[in-house]
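Structural overview
For reference, the chains in residue letters:
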Amino acid sequence: MMPNDTNLSRRGLFMKLGMLFNGVVAAALAVPIGRFLLSSITRGRANGYLDWVSLGSVNQFPEGETRLATFRNPLVMPTDGKTVDTACWVRRVEGDQFQVFAVNCAHLGCPVRWFPQSGLFMCPCHGGAYYRDGSRASGPPERGLFEYPYKVENGLITIQAGEMPTPGPNASLNRKEPPCACSRA
Ligand code: FES
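Please read these numbers as outputs of a predicted model, since none were measured by experiment. (Residues numbered from 1 in each chain as written. Predicted model: local features only at pLDDT ≥ 70, side-chain atom pairs only at ≥ 80, totals over all residues.)

1. Here's the deal with the overall build of the protein chain
The condition is simple: The helix and strand labels rest on DSSP assignments: H or I over at least four residues marks a helix, E over at least two residues marks a strand, and numbering proceeds from the N terminus. Burial is judged by counting the other C-beta atoms within 10 Å of a residue's own C-beta: 20 or more makes it buried, 12 or fewer makes it exposed, and any count in between marks it as partly exposed, with every C-beta position built from the backbone. The contact rule is simple: place each C-beta atom from the backbone, and if two of them lie within 7 Å, those residues are in contact.
Of the regular secondary structure elements, the protein chain holds one helix and 10 strands. From first element to last, N terminus to C terminus, the protein chain shows the α and β order α-β-β-β-β-β-β-β-β-β-β. Scored against the burial criterion, the 185 residues of the protein chain give a buried share of 21%. Partitioning the intrachain contacts of the protein chain with sequence separation of at least 6 by distance along the chain shows that 49% fall at a separation of at least 24.

Rendered as structure tokens:
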């Protein structure tokens, strides 16, 4: 065999090895990319990222008061452990009229606390404050608290939960600001 033939066959072998390597890498990347693309399609479906979960009987929430409640996040990963137990603030305005607020501050997500004496939700991180109806009172947050859609049936209150409430495109958790301070009860 001539030296040139040896070079050519070696080059061909390296080319085939390179193509094989590229194929393996492409296959390895295809799985997570495919899952990511599919997740954007399944997002928002029941039993997916959003689902209705019960907070229990309405009787545990006295009228005119705001109480902390917890629910099991319907979006569960095997490694989540206790972090699937999610807190929310439940305000029973009157009768079956409620407001259910995400516990996370609308600024950077720190958990807010309710202070009935002052009628304010306060954020310990940067001093954000919200009125009892969740609208912004002061501080860095640019908006009010996020609200969960809720419904009351057979004496039970359920909320639609799953995705983390953020200022993103998930409009179902984005609350509208009241038109003026006069609506704050
Ligand atoms: S995270 Fe609440 S004010 Fe910054």
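2. Some thoughts on the pairing of strand β4 (residues 97-102)
Here is the rule we go by: Strand pairing follows a simple DSSP-based rule, namely that at least 2 bridges must link the two strands.
Sheet topology places strand β3 (residues 85-94) next to β4; six bridges connect them, and they run antiparallel. Considered in β4, the bridge of E94 is made with Q97. The antiparallel hairpin formed by β3 and β4 contains two residues in its connecting segment, where G95 sits at a positive phi of about 50 degrees.

3. Section: the sheet that holds strand β5 (residues 113-115)
The condition that has to hold: What counts as an axis is a line fitted to C-alpha atoms, over the stretch in contact for a helix, and the angles between N-to-C directions run from 0 to 180 degrees.
As summarised here, the arrangement of the four strands in space is β5-β6-β7-β8, forming an open sheet in which the pairing is antiparallel. Every other strand in the sheet has two partners, leaving β5 and β8 (136-138) as the edge strands with one partner each. Pairwise comparison of adjacent strand axes, ignoring direction, gives a mean angle of 35 degrees for this sheet. Where strand β6 (residues 120-122) and strand β7 (residues 129-131) come together, three bridges link them in antiparallel fashion. Bridging from a neighbouring strand, F121 pairs with Y130 of β7.

4. A few points about the confidence of the model for the protein chain
Put simply, the rule reads: Scored between 0 and 100, pLDDT is the confidence that the predictor attaches to each residue.
For the protein chain, mean pLDDT is 79; residues scoring 70 or higher make up 70% of the total. Contacts from residues 174-185, a stretch scored under 50 in pLDDT, to residues over four places away or in other chains number 18 contacts.

5. Some details on the nonpolar core
What counts here: What we call a nonpolar core is a set of buried Ala, Val, Leu, Ile, Met, Phe, Trp, Tyr and Cys residues whose membership is set by joining through C-beta atoms within 7 Å.
Within the largest apolar cluster, 22 residues are counted, with the highest numbers of intra-cluster contacts made by C88, V100, F101, A102, V112 and L145. Put simply, the parts of the chain that give this core at least two residues each are β3, β4 and β10 (156-161). At four residues, the largest contribution of residues to this core is made by β4. Not counting chain neighbours up to four residues away, the residues in contact with V112 comprise V103, C105, F121, M122, C123, Y130 and L145.

6. Some points on the sheet that holds strand β9 (residues 150-153)
Sheet architecture is open: three strands sit in the order β1-β10-β9, paired in antiparallel fashion. Both edges of this open sheet fall to β1 (51-57) and β9, since each of them pairs with a single strand only. Averaged over all adjacent pairs, the angle separating strand axes in this sheet is 30 degrees, with direction ignored. Across six bridges, the pairing between β1 and β10 is antiparallel. Within the sheet, the bridge partner assigned to S54 lies in β10 and is T158.

7. A short note on unusual backbone geometry
Even without being a glycine, N154 presents a positive backbone phi close to 50 degrees. Among the structural elements, N154 can be located in the loop between β9 and β10.

8. A short note on the environment of T86
For T86, the location among the structural elements is in strand β3. Under the C-beta neighbour-count criterion, T86 is labelled partly exposed, with 19 such atoms within 10 Å. Counting along the chain gives 75 residues from T86 to A161, while the straight-line C-alpha distance between them is 9.7 Å. Ignoring sequence-local partners within four residues, the contact set of T86 consists of T70, F71, N73 and A161.

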